[in-house]
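Listed here are the chains, written in short residue letters.
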Amino acid sequence: MKRMFALWRVVAGQDLRLLWFAIRHEQRPVWLLPGLAVLGLFAVEPLNFTLPVLGAVDELMIVPLVLHSMAKMLPAHVLDGFAHAYAGRRRRI
């Protein structure tokens, strides 16, 4: 369980940094802000949309998967800007 949380922190942390950079990018995609707003509402919604009984499971699985898929759908110029901006920084674990 501890290893799963560590993996989630590393993967979701990188995706969150990428999406945070994309929000502040001047040529961000039009769908990014509404998509992140819907995902944020899903994450903090007390009544779960999918399965109310498995609330923690869907938030531990669905939210990171959607974050990762949104990061994968970003245009190449945003990804290149992120790689250039964070090229000299060291990753903390």
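Residues numbered from 1 in each chain as written. Predicted model: local features only at pLDDT ≥ 70, side-chain atom pairs only at ≥ 80, totals over all residues. Heavy atoms only, no water.

Caption draft 1: Broad picture of a nonpolar patch on the surface. Side chains of Phe-5, Leu-60 and Met-61 sit close together on the surface and give an oily, nonpolar patch of about 260 Å² of accessible area. As for its placement among the helices and strands, Leu-60 is situated in helix α3 (residues 55-72). We classify Leu-60 as partly exposed; its relative accessible area is 33%. (Patch = residues over 30% accessible without salt bridge, like charges linked within 9 Å, V, L, I, M, F, W, Y side chains within 5 Å. Areas by Shrake-Rupley, 256 points an atom, 1.4 Å probe, with all protein chains shown as cover. Salt bridge = Lys/Arg side-chain N within 4 Å of Asp/Glu carboxyl O. Helix = DSSP H or I, 4+ residues; strand = E, 2+ residues; numbered from the N terminus. Buried < 20%, exposed > 50% of the residue type's maximum accessible area, 1.4 Å probe, protein only.)

Caption draft 2: Summary view of the nonpolar core. One finds Leu-19, Leu-32, Met-70 and Leu-74 to be the most contacted residues of the largest nonpolar core, which totals 15 residues. For this core, the secondary structure elements donating two or more residues are α1 (2-24), α2 (32-44), α3 and α4 (76-85). Beyond its immediate sequence surroundings of up to four residues, Leu-74 is in contact with Leu-18, Leu-19, Ala-22, Pro-29, Trp-31, Leu-32 and Leu-79. (Core = buried A, V, L, I, M, F, W, Y, C linked by side-chain atoms within 4.5 Å. Contact = heavy atoms within 4.5 Å.)

Caption draft 3: Representation of α2. Compared with an ideal rise of 1.5 Å per residue, which puts 13 residues at 18 Å, α2 spans 18 Å between its outermost C-alpha atoms and is within 8% of the ideal. Within the span of α2, buried status applies to Leu-32, Leu-36, Leu-39 and Phe-42. Taken down its axis, α2 places every buried residue within 120° of arc, on the same side. For α2, the exposed residues lying more than 90 degrees away from the buried face are Val-38, Leu-41 and Val-44. (Expected span 1.5 Å × (residues − 1). Arc of directions from axis to C-beta.)

Caption draft 4: Representation of the side chain of His-25. If you trace the backbone, His-25 turns up in the loop between α1 and α2. Ignoring any residue separated from it by four or fewer positions in sequence, one finds His-25 in contact with His-77 and Val-78.

Caption draft 5: How the structure looks around the environment of Ala-71. Mapped onto the elements, Ala-71 comes out in helix α3. Each C-alpha atom of the pair Ala-71 and Arg-17 lies 9.7 Å from the other, and the pair is 54 residues apart in sequence. Excluding its chain neighbours within four sequence positions, the residues that come into contact with Ala-71 are Asp-15, Leu-18, Leu-19 and Leu-79.

Caption draft 6: Quick look at the environment of Leu-67. One can find Leu-67 in helix α3. For Leu-67, a relative accessible area of 5% translates into the label buried. Beyond its immediate sequence surroundings of up to four residues, Leu-67 is in contact with Asp-15, Leu-16, Leu-19 and Leu-39.

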